Amino acid sequence: MENKFNEILNSELIIQIYRHGIFPMAKNRFDRKIHLINPERRAILPIKNFHVSKSFKRFIKKKPFYVTVNANFKKVINKCATENRKDTWINKTIENQFNNLHEIGIAHSIECWKNNKIVGGIYGVALGGCFFAESMFSSVSNASKFALINLVARLYFLKYSILDIQFINDHLKQFGAFEINQELFKKKISRYVNEDIDFQSLSIKDEDLFDNVLFFLQEINETS
């Protein structure tokens, strides 16, 4: 579904779009139009049943990166649009609007640092018990995966119910990603989107973030 309302697009309108199980995209970085995407099937990452390989568990325990939450959202979304990509659905309008969503506490980022540089990250929209993951990037091997495991651990301990990833791919299948139909997805969204959960209510100290990941790995091991 296409539209030409990019000139009247604002934070409240974007929030309502997400609440209805739809999301905005551009065809490429230079596309001036905003397109509303309402796919017949939606990809979800399980939170409680998130799959972590043995090799990645060993990598995690080495604590390869320093991690922050919402330390530099602008850098993360810009890197998601430009880092190691020939093209992107994140045009300047979407980038600016999501920066606005971050300013009002709706959009969030997790950053991975090495040698005082952001080398990986993920960002998305948090509404109630739903987190809509938008994009992630990595300029160092496994940095985006490390950001993702930090996100999932955070959602787990805050008792989020939905981690939407929009479209499935082989990379995300390794973590247990699966698809559901549009009708079921929207039913789930309507059930959980009004829950009272604050994404920023957990500690954002690096040592606490790392402990959360270790505790999360332990708990999913015990329930698997």
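It should be emphasised that the depicted structure is a prediction, and the values quoted were computed from it without experimental measurement.

Secondary structure summary: the chain contains eight helices and 10 strands in total. For the chain, whose C-alpha radius of gyration is 17 Å, the value lies close to the compact-globule estimate of 17 Å for 224 residues. Overall, the C-alpha framework of the chain stretches about 50 × 40 × 30 Å when taken along its three principal axes. In the chain, buried positions account for 54% of the 224 residues. Within the chain, contacts between residues at least 6 apart in sequence are counted, and of these 76% link residues at least 24 apart. Element-wise, carbon and sulfur atoms account for 47% of the exposed surface of the chain, whose accessible area totals about 11,200 Å². Of the side-chain charges in the chain, 32 are positive and 24 negative, and the distance between the mean point of each set is 5 Å.

When we look at burial in helix 2 (residues 54-61), the residues that qualify are Phe56, Lys57, Phe59 and Ile60. Along helix 2, the residues classed as buried sweep out an arc of 160 degrees about the axis, all on the same side. Exposed positions of helix 2 whose direction lies more than 90 degrees from the buried face are Lys54, Arg58 and Lys61. Backbone geometry just after helix 2 places Lys63 at a positive phi near 50 degrees.

Turning next to the sheet that holds strand 9 (residues 162-166). If you trace the seven strands from one edge of the open sheet to the other, you get 5-6-7-8-9-4-10, paired in mixed fashion. Each having just a single partner strand, strand 5 (66-69) and strand 10 (178-181) make up the two edges of the open sheet. Geometrically, the sheet is characterised by an average inter-axis angle of 35 degrees between neighbouring strands, direction not taken into account. Sheet topology note: the strand 4 (residues 41-44)/strand 10 ladder contains four bridges and is antiparallel. Within strand 10, the position partnered with Ile44 by the bridge is Phe178. This element, helix 4 (residues 92-103), spans strand 6 (107-114), strand 7 (117-127) and strand 8 (130-138) of the sheet and lies at about 95 degrees to strand 6.

Counting through the fold element by element, Phe132 comes out in strand 8. When the C-alpha positions of Phe132 and Ala107 are compared, they lie 9.2 Å apart, and in sequence the two are 25 residues distant. Apart from the residues within four sequence positions on either side, Phe132 is in contact with Tyr18, Arg42, Gly124, Val125, Leu127, Asp164, Phe185 and Ile189.

We now examine the state of the cysteines. The final tally for this structure, using the stated rule, is zero disulfides. Cysteine Cys112 is unpaired, with the sulfur of Cys80 as its nearest cysteine sulfur at 12 Å. Among the residues examined, Cys112 registers a relative accessible area of 0% and is labelled buried.

Definitions and limits used
Residues numbered from 1 in each chain as written. Predicted model: local features only at pLDDT ≥ 70, side-chain atom pairs only at ≥ 80, totals over all residues. Heavy atoms only, no water. Helix = DSSP H or I, 4+ residues; strand = E, 2+ residues; numbered from the N terminus. Rg over C-alpha atoms; globule rule 2.2 N^0.38 Å. Buried < 20%, exposed > 50% of the residue type's maximum accessible area, 1.4 Å probe, protein only. Contact = heavy atoms within 4.5 Å. Areas by Shrake-Rupley, 256 points an atom, 1.4 Å probe, with all protein chains shown as cover. Lys, Arg positive; Asp, Glu negative; His and termini not counted. Charge placed at Lys NZ, Arg CZ, Asp CG, Glu CD. Arc of directions from axis to C-beta. Pairing = 2+ DSSP bridges. Axes fitted to C-alpha atoms, helices over the stretch in contact; angles between N-to-C directions. Disulfide = S-S within 2.5 Å.

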